[in-house]
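Structural overview
Chain by chain, the residues run as shown.
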Amino acid sequence: MSSNYTSFICFLFDRDDSASDWRFEIDSDEPDLEPREAVNFIARLLRSYKTDLGDFTDRQLGLGVDYIFNMACSSLSNHLLDELVPTKERMSGILALKDFFEECLNERCVGSLGHLSESGNELNYFCYMIWDTTPLACGDSSSKWMHTNTAIAEVMEFALYLDNIACVESGLHGLGHMKDVYGEAPKIVQKYIETVRAPDPRLLKYAEHAKIGYVL
(Lines give C-alpha, C1' and ligand atoms only; values in the text may rest on other atoms or scores of the structure.)
Protein backbone atom coordinates (compact mmCIF):
# COMPACT_ATOMS: atom_id res chain seq x y z
CA MET A 1 0.00 0.00 0.00
CA SER A 2 1.11 3.57 -0.61
CA SER A 3 1.62 5.64 2.51
CA ASN A 4 -1.20 8.01 1.53
CA TYR A 5 -3.64 5.15 1.06
CA THR A 6 -2.58 3.56 4.36
CA SER A 7 -3.10 6.88 6.14
CA PHE A 8 -6.53 7.19 4.54
CA ILE A 9 -7.54 3.72 5.74
CA CYS A 10 -6.26 4.40 9.24
CA PHE A 11 -8.11 7.72 9.42
CA LEU A 12 -11.40 6.17 8.38
CA PHE A 13 -11.38 2.86 10.21
CA ASP A 14 -8.58 2.43 12.75
CA ARG A 15 -10.56 3.97 15.63
CA ASP A 16 -11.19 3.02 19.23
CA ASP A 17 -14.27 0.85 18.95
CA SER A 18 -15.47 1.84 22.41
CA ALA A 19 -15.00 5.60 21.97
CA SER A 20 -17.71 8.09 21.08
CA ASP A 21 -18.59 8.86 17.48
CA TRP A 22 -15.57 10.58 15.94
CA ARG A 23 -17.15 11.68 12.64
CA PHE A 24 -18.17 15.15 13.79
CA GLU A 25 -15.03 16.12 15.67
CA ILE A 26 -13.98 19.69 14.92
CA ASP A 27 -10.27 18.92 14.84
CA SER A 28 -10.37 16.35 12.05
CA ASP A 29 -7.11 14.85 10.88
CA GLU A 30 -8.51 13.86 7.48
CA PRO A 31 -5.70 13.38 4.94
CA ASP A 32 -5.47 16.17 2.38
CA LEU A 33 -6.06 14.37 -0.91
CA GLU A 34 -6.38 15.65 -4.44
CA PRO A 35 -9.81 14.87 -5.96
CA ARG A 36 -8.52 12.21 -8.35
CA GLU A 37 -6.50 10.57 -5.60
CA ALA A 38 -9.54 10.51 -3.31
CA VAL A 39 -11.70 8.91 -6.01
CA ASN A 40 -9.15 6.20 -6.66
CA PHE A 41 -8.66 5.51 -2.95
CA ILE A 42 -12.43 5.22 -2.41
CA ALA A 43 -12.72 2.79 -5.32
CA ARG A 44 -9.76 0.80 -4.05
CA LEU A 45 -10.98 0.36 -0.47
CA LEU A 46 -14.50 -0.57 -1.59
CA ARG A 47 -13.10 -3.25 -3.89
CA SER A 48 -10.53 -4.46 -1.37
CA TYR A 49 -12.76 -5.15 1.62
CA LYS A 50 -11.41 -8.64 2.20
CA THR A 51 -7.75 -7.64 2.18
CA ASP A 52 -7.82 -4.07 3.48
CA LEU A 53 -10.90 -3.78 5.71
CA GLY A 54 -11.98 -7.24 6.79
CA ASP A 55 -10.38 -7.08 10.24
CA PHE A 56 -12.29 -3.99 11.35
CA THR A 57 -15.43 -4.28 13.47
CA ASP A 58 -18.94 -3.57 12.22
CA ARG A 59 -18.89 -0.24 14.04
CA GLN A 60 -15.50 0.79 12.71
CA LEU A 61 -16.54 -0.07 9.18
CA GLY A 62 -19.99 1.48 9.44
CA LEU A 63 -18.74 4.81 10.75
CA GLY A 64 -15.87 4.90 8.26
CA VAL A 65 -17.87 4.29 5.09
CA ASP A 66 -20.62 6.59 6.31
CA TYR A 67 -18.00 9.32 6.75
CA ILE A 68 -17.08 8.91 3.09
CA PHE A 69 -20.60 9.10 1.69
CA ASN A 70 -22.56 11.16 4.22
CA MET A 71 -22.68 14.85 3.29
CA ALA A 72 -23.11 15.76 6.95
CA CYS A 73 -19.73 14.19 7.75
CA SER A 74 -17.44 15.02 4.84
CA SER A 75 -17.17 16.17 1.26
CA LEU A 76 -15.25 13.09 0.14
CA SER A 77 -18.00 11.65 -2.05
CA ASN A 78 -18.32 14.98 -3.84
CA HIS A 79 -15.09 14.04 -5.60
CA LEU A 80 -17.08 11.31 -7.35
CA LEU A 81 -19.02 14.15 -8.99
CA ASP A 82 -16.03 16.34 -9.80
CA GLU A 83 -15.87 16.76 -13.57
CA LEU A 84 -12.15 17.50 -13.33
CA VAL A 85 -11.71 13.81 -12.48
CA PRO A 86 -12.00 11.54 -15.56
CA THR A 87 -15.53 10.19 -15.94
CA LYS A 88 -14.30 6.60 -16.22
CA GLU A 89 -12.54 6.83 -12.85
CA ARG A 90 -15.51 8.48 -11.14
CA MET A 91 -17.93 5.86 -12.41
CA SER A 92 -15.49 3.13 -11.39
CA GLY A 93 -15.56 4.56 -7.87
CA ILE A 94 -19.35 4.47 -7.76
CA LEU A 95 -19.58 0.97 -9.23
CA ALA A 96 -17.08 -0.27 -6.63
CA LEU A 97 -20.01 -0.09 -4.22
CA LYS A 98 -21.25 -3.31 -5.83
CA ASP A 99 -18.19 -5.12 -4.47
CA PHE A 100 -18.72 -3.63 -1.02
CA PHE A 101 -22.39 -4.58 -1.01
CA GLU A 102 -21.61 -8.15 -2.02
CA GLU A 103 -18.52 -8.85 0.03
CA CYS A 104 -19.21 -6.81 3.16
CA LEU A 105 -22.80 -5.63 3.61
CA ASN A 106 -24.39 -8.84 2.33
CA GLU A 107 -22.29 -10.85 4.78
CA ARG A 108 -22.20 -8.61 7.83
CA CYS A 109 -25.44 -6.65 8.00
CA VAL A 110 -28.12 -8.00 10.30
CA GLY A 111 -31.00 -9.37 8.25
CA SER A 112 -33.37 -6.59 9.28
CA LEU A 113 -35.41 -3.86 7.60
CA GLY A 114 -34.70 -0.21 8.29
CA HIS A 115 -38.02 1.12 7.01
CA LEU A 116 -39.72 -1.00 9.69
CA SER A 117 -37.31 0.32 12.36
CA GLU A 118 -35.87 -3.13 12.99
CA SER A 119 -32.57 -3.18 14.85
CA GLY A 120 -29.25 -3.80 13.16
CA ASN A 121 -25.61 -2.80 13.46
CA GLU A 122 -23.64 0.22 12.21
CA LEU A 123 -23.34 -1.38 8.78
CA ASN A 124 -27.12 -1.68 8.60
CA TYR A 125 -27.41 2.04 9.18
CA PHE A 126 -25.05 2.77 6.30
CA CYS A 127 -26.70 0.19 4.04
CA TYR A 128 -30.16 1.66 4.51
CA MET A 129 -29.31 5.37 4.73
CA ILE A 130 -26.65 5.80 2.05
CA TRP A 131 -29.15 6.92 -0.59
CA ASP A 132 -30.53 9.56 1.78
CA THR A 133 -27.16 10.96 2.80
CA THR A 134 -24.91 10.84 -0.26
CA PRO A 135 -24.72 13.65 -2.83
CA LEU A 136 -24.59 10.94 -5.50
CA ALA A 137 -28.36 10.55 -5.15
CA CYS A 138 -29.16 14.26 -5.23
CA GLY A 139 -29.12 14.70 -9.01
CA ASP A 140 -31.72 15.40 -11.62
CA SER A 141 -32.67 14.11 -15.07
CA SER A 142 -30.31 16.41 -16.98
CA SER A 143 -27.56 15.08 -19.21
CA LYS A 144 -25.01 16.25 -16.64
CA TRP A 145 -26.19 13.50 -14.30
CA MET A 146 -26.62 10.78 -16.93
CA HIS A 147 -23.47 8.79 -16.13
CA THR A 148 -23.89 9.14 -12.35
CA ASN A 149 -27.57 8.17 -12.37
CA THR A 150 -26.85 5.15 -14.54
CA ALA A 151 -23.99 4.01 -12.29
CA ILE A 152 -25.83 4.35 -8.99
CA ALA A 153 -28.92 2.65 -10.45
CA GLU A 154 -26.66 -0.23 -11.45
CA VAL A 155 -25.45 -0.49 -7.85
CA MET A 156 -29.03 -0.42 -6.56
CA GLU A 157 -30.20 -3.06 -9.03
CA PHE A 158 -27.25 -5.28 -8.10
CA ALA A 159 -28.25 -5.06 -4.43
CA LEU A 160 -31.76 -6.31 -5.23
CA TYR A 161 -30.46 -9.79 -6.00
CA LEU A 162 -28.22 -10.31 -2.98
CA ASP A 163 -29.25 -12.69 -0.20
CA ASN A 164 -29.43 -10.25 2.72
CA ILE A 165 -32.78 -8.49 2.97
CA ALA A 166 -31.01 -5.37 4.25
CA CYS A 167 -29.20 -5.08 0.91
CA VAL A 168 -32.38 -5.70 -1.08
CA GLU A 169 -34.14 -3.01 0.92
CA SER A 170 -31.28 -0.60 0.24
CA GLY A 171 -31.63 -1.12 -3.50
CA LEU A 172 -35.38 -0.55 -3.38
CA HIS A 173 -34.94 2.48 -1.15
CA GLY A 174 -32.53 4.10 -3.59
CA LEU A 175 -34.56 3.29 -6.69
CA GLY A 176 -37.63 4.75 -5.02
CA HIS A 177 -35.82 8.03 -4.56
CA MET A 178 -34.69 7.95 -8.21
CA LYS A 179 -38.18 7.54 -9.64
CA ASP A 180 -38.45 11.15 -10.88
CA VAL A 181 -34.87 11.59 -12.10
CA TYR A 182 -34.10 8.27 -13.78
CA GLY A 183 -36.79 6.82 -16.00
CA GLU A 184 -35.46 3.26 -15.74
CA ALA A 185 -35.81 3.14 -11.95
CA PRO A 186 -39.48 2.01 -11.83
CA LYS A 187 -38.76 -0.56 -14.55
CA ILE A 188 -35.90 -2.02 -12.50
CA VAL A 189 -38.20 -2.33 -9.50
CA GLN A 190 -40.93 -3.93 -11.60
CA LYS A 191 -38.43 -6.45 -12.96
CA TYR A 192 -37.51 -7.34 -9.37
CA ILE A 193 -41.18 -7.80 -8.48
CA GLU A 194 -41.73 -10.09 -11.46
CA THR A 195 -38.58 -12.19 -11.31
CA VAL A 196 -37.46 -12.60 -7.70
CA ARG A 197 -38.16 -16.02 -6.26
CA ALA A 198 -40.00 -16.39 -2.94
CA PRO A 199 -39.73 -12.69 -1.99
CA ASP A 200 -40.17 -11.54 1.57
CA PRO A 201 -43.74 -10.14 1.54
CA ARG A 202 -42.54 -7.08 3.44
CA LEU A 203 -40.01 -6.36 0.68
CA LEU A 204 -42.60 -6.97 -2.00
CA LYS A 205 -44.85 -4.36 -0.41
CA TYR A 206 -41.89 -1.97 -0.12
CA ALA A 207 -41.07 -2.60 -3.79
CA GLU A 208 -44.58 -1.58 -4.82
CA HIS A 209 -44.10 1.64 -2.90
CA ALA A 210 -40.62 2.18 -4.37
CA LYS A 211 -42.00 1.84 -7.88
CA ILE A 212 -44.09 4.97 -7.38
CA GLY A 213 -41.43 6.81 -5.36
CA TYR A 214 -43.13 6.36 -2.01
CA VAL A 215 -40.25 5.35 0.24
CA LEU A 216 -38.98 6.49 3.63
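Structural data are supplied above this passage.
The structure contained in this document is the topic of the report that follows. Since the model is a prediction, treat every value here as computed from it, not as a measurement.

Basis of the calculations
- Residues numbered from 1 in each chain as written.
- Predicted model: local features only at pLDDT ≥ 70, side-chain atom pairs only at ≥ 80, totals over all residues.
- Heavy atoms only, no water.
- Helix = DSSP H or I, 4+ residues; strand = E, 2+ residues; numbered from the N terminus.
- Rg over C-alpha atoms; globule rule 2.2 N^0.38 Å.
- Contact = heavy atoms within 4.5 Å.
- Areas by Shrake-Rupley, 256 points an atom, 1.4 Å probe, with all protein chains shown as cover.
- Lys, Arg positive; Asp, Glu negative; His and termini not counted.
- Charge placed at Lys NZ, Arg CZ, Asp CG, Glu CD.
- Buried < 20%, exposed > 50% of the residue type's maximum accessible area, 1.4 Å probe, protein only.
- Polar contact = N/O pair within 3.5 Å; in protein donor to acceptor, adjacent residues only side chain to side chain.
- Core = buried A, V, L, I, M, F, W, Y, C linked by side-chain atoms within 4.5 Å.
- Salt bridge = Lys/Arg side-chain N within 4 Å of Asp/Glu carboxyl O.

Right, let's talk about the overall build of the protein for a bit. Counting its regular elements, the protein contains ten helices and zero strands. Starting at the N terminus, the α and β elements of the protein follow one another as α-α-α-α-α-α-α-α-α-α. Relative to the 2.2 N^0.38 estimate, which gives 17 Å for 216 residues, the radius of gyration of the protein is 17 Å and therefore close to what a compact globule would have. Along the first, second and third principal axes, the C-alpha set of the protein runs to 50 × 40 × 30 Å. Contacts spanning at least 24 positions in sequence make up 72% of the contacts within the protein whose residues lie at least 6 apart. Carbon together with sulfur atoms contributes 49% to the accessible area of the protein, which is approximately 10,200 Å² in total. Of the side-chain charges in the protein, 19 are positive and 35 negative, and the distance between the mean point of each set is 7 Å.

For the rest of this paragraph, the subject is the side chain of Gln-60. Here Gln-60 lies in helix H4 (residues 58-69). Exposure remark for Gln-60: the relative accessible area of 13% places this residue in the buried category. Here the side chain of Gln-60 touches Thr-57 through a polar contact of 2.9 Å, landing on its backbone nitrogen. Every residue in contact with Gln-60, bar those within four places of it in the chain, is listed here: Leu-12, Phe-13, Arg-15 and Asp-17.

Time to look at the nonpolar core. Counting residues in each nonpolar core, the largest one holds 72 residues, and the members touching the most others are Leu-45, Phe-69, Phe-101 and Leu-172. Once residues lying within four places of it in the same chain are set aside, the contact partners of Phe-101 are Asn-106, Cys-127, Trp-131, Val-155, Ala-159, Leu-162, Cys-167 and Ser-170.

Counted according to the given criterion, the structure contains 13 salt bridges. Residue Asp-58 is joined to Arg-108 by a salt bridge in which the shortest nitrogen-to-oxygen separation is 2.8 Å. You can see Asp-58 sitting in helix H4 and its partner Arg-108 sitting in helix H5 (residues 87-108), a full 50 residues away along the chain. With a relative accessible area of 18%, Arg-108 lands in the buried category. Among the salt bridges present, the one from Asp-200 reaches Arg-202, with a minimum N-O distance of 2.9 Å. Taking relative accessible area as the criterion, Arg-202 reaches 32% and is therefore assigned partly exposed. Through salt bridges with shared partners, a single network forms among Asp-21, Arg-23 and Asp-66.

So, to be careful, I would describe these as geometric facts and stop short of saying anything about function.
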